[in-house]
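Listed below, chain by chain, are the residues.
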Amino acid sequence: MTSVSASNEGDTVLLSNAAGELIDTDRYTAETLGSANESYTRSPDLTGDFVPHSQAAGSNGALFSPGVRVDGSNFGVACAAP
């Protein structure tokens, strides 16, 4: 990945593996984002549908959880650098 940019008005997110193969895709709109300055995450983590972070199960209303699970705990698996 060389850069990330998303619009608050709506966009499409594409997830690819290291070989460039498309793994998943999701489209979001201003209506699905919830409040401004809030992450959009899967609920439950990794496998669920995309929802505004504050609505995710276990988030306790938090607006984001960068690099950790929605509840703030570690994923338990180290990520390899690209």
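As a reminder, the structure under discussion sits directly above these lines.
Trainee: Tell me about the overall build of the chain, and please be specific about residues and values.
Mentor: Scanning the chain from N- to C-terminus turns up one helix and four strands. Listing each helix as α and each strand as β along the chain from the N terminus yields β-β-α-β-β. Sorting the 82 residues of the chain into buried and exposed places 20% on the buried side. If you take every contact in the chain between residues at least 6 apart in sequence, the share linking residues at least 24 apart comes to 15%. Roughly 6,100 Å² of accessible area belongs to the chain as shown, and the carbon and sulfur atoms make up 54% of that amount.

Trainee: Outline the pattern of salt bridges, listing residues and values.
Mentor: This model, assessed by the stated rule, comprises two salt bridges. A salt bridge links Arg-42 to Asp-24, with the nearest nitrogen and oxygen atoms 1.9 Å apart. With Arg-42 in strand β3 (residues 40-43) and Asp-24 in strand β2 (residues 22-29), this residue pair connects regions lying 18 residues apart in the sequence. Residue Arg-42 is classed as buried on the basis of its relative accessible area of 18%. In this structure Asp-24 comes out as partly exposed when scored by relative accessible area, which is 27%.

Trainee: How would you explain the side chain of Asp-45 if you had to name every residue and give the values?
Mentor: Along the polypeptide, Asp-45 turns up in the loop between β3 and β4 (49-52). A relative accessible area of 19% means that Asp-45 is categorised as buried. Excluding residues that lie within four positions of it along the chain, Asp-45 makes contacts with Arg-69 and Val-70.

Trainee: Could you give an account of unusual backbone geometry, with specific residues and numbers?
Mentor: For the peptide bond that leads from Ser-43 to Pro-44, omega is 0°, which places it in the cis range. Tracing the backbone shows Pro-44 in the loop between β3 and β4. For Asn-60, which is not glycine, the phi dihedral falls at a positive 50°. Its place among the elements puts Asn-60 in the segment after β4.

Conventions adopted
- Residues numbered from 1 in each chain as written.
- Predicted model: local features only at pLDDT ≥ 70, side-chain atom pairs only at ≥ 80, totals over all residues.
- Heavy atoms only, no water.
- Helix = DSSP H or I, 4+ residues; strand = E, 2+ residues; numbered from the N terminus.
- Buried < 20%, exposed > 50% of the residue type's maximum accessible area, 1.4 Å probe, protein only.
- Contact = heavy atoms within 4.5 Å.
- Areas by Shrake-Rupley, 256 points an atom, 1.4 Å probe, with all protein chains shown as cover.
- Salt bridge = Lys/Arg side-chain N within 4 Å of Asp/Glu carboxyl O.

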